[in-house]
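# Summary of structural features
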Amino acid sequence: MRNTDWVLIFTSGALGSIVSVLVGALQWYIKHKEAKKKRDTDDFFNRWISAEDEIDKLRDENRQLKDQIARLKLRSKKE
């Protein structure tokens, strides 16, 4: 084998290795980006549900207080 043959074998292997590393890095980046997006979406959804639950609790409490005020007004009118 001549020197040029060794150079070709070495460079083709090195080029293949570089391409393979770049493809692996790209796959990792895409996977990481999708996982982060899913995590952020889940966090947003959980915060949104938590806020909705809090709003429902406040509405229930407000309704109970209004009922209590109405009962007290009726009681005061009877007296």
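Look above for the structure.
Predicted, not measured: the structure shown is a model, and the values here were computed from it.

Glancing now at a nonpolar patch on the surface. A contiguous nonpolar surface patch, about 460 Å² in accessible area, is contributed by Leu26, Trp28, Tyr29 and Ile30. Of note, Leu26 is situated in helix H1 (residues 3–78).

Scanning the entire structure with this criterion turns up one aromatic pair. On the basis of an interplanar angle of 40° and a centroid distance of 6.1 Å, the ring pair of Phe45 and Trp48 is categorised as tilted. You can see Phe45 and its partner Trp48 sitting in helix H1, three residues apart, about one turn around the helix. What makes Phe45 partly exposed here is its relative accessible area of 45%. A residue is classified by how much of its surface remains accessible, and Trp48, at 42% relative accessible area, is partly exposed.

Pairing between side chains becomes possible if they bear opposite charge and their charged atoms approach one another. For the structure shown, the criterion picks out two salt bridges. For Lys38, the salt bridge identified is with Asp42, shortest N-O distance 3.0 Å. Taken together, the positions of Lys38 and Asp42, both in helix H1 and four residues apart, correspond to about one turn of that helix. Lys38 gets classed as exposed once you look at its relative accessible area, which sits at 53%. Between Asp60 and Arg63 there is a salt bridge; the shortest N-O distance is 2.9 Å. Taken together, the residues span about one helical turn, with Asp60 and Arg63 both in helix H1 at a distance of three residues. In this structure Asp60 comes out as partly exposed when scored by relative accessible area, which is 37%. Taking relative accessible area as the criterion, Arg63 reaches 48% and is therefore assigned partly exposed.

Right, let's talk about a negative patch on the surface for a bit. Negative charge collects at one region of the surface, where Glu52, Asp53, Glu54 and Asp56 lie side by side. Residue position: Asp56 is located in helix H1. Owing to a relative accessible area of 37%, Asp56 belongs among the partly exposed residues under this scheme.

About the thresholds
As a convention, each chain's residues are numbered from 1 in the sequence order in which they are written. For a predicted model such as this one, the threshold for reporting local features is a pLDDT of at least 70, and the threshold for listing and counting side-chain atom pairs is 80 or more; totals across whole chains, interfaces and linings nevertheless cover every residue. Only hydrogens and water are set aside when side-chain values are computed; all heavy atoms of the structure are taken into account. Nonpolar side chains (Val, Leu, Ile, Met, Phe, Trp, Tyr) within 5 Å and like charges within 9 Å form the patches, drawn only from residues with over 30% relative accessible area and no salt bridge. Under the convention used here, a 1.4 Å probe and the Shrake-Rupley method define accessible areas, while residue burial counts only the protein chains that appear. Salt bridge criterion: a side-chain nitrogen from Lys or Arg within 4 Å of a carboxyl oxygen from Asp or Glu. Helical segments are the DSSP runs of H or I of at least four residues, strand segments are the runs of E of at least two, and each set is numbered from the N terminus. In this analysis, rings of Phe, Tyr and Trp, with Trp reduced to its six-membered ring, are considered paired at centre separations within 6.5 Å, and the interplanar angle assigns stacked below 30 degrees, edge-to-face beyond 60, and tilted for intermediate values. For each residue, the accessible area found with a 1.4 Å probe, counting protein chains only, is set against the maximum for its type, and the residue is called buried under 20%, exposed over 50%, and partly exposed in between. Working convention for charge: Lys and Arg count positive, Asp and Glu count negative, and His plus the chain ends are omitted. Working definition for charges: the position is that of NZ of Lys, CZ of Arg, CG of Asp or CD of Glu.

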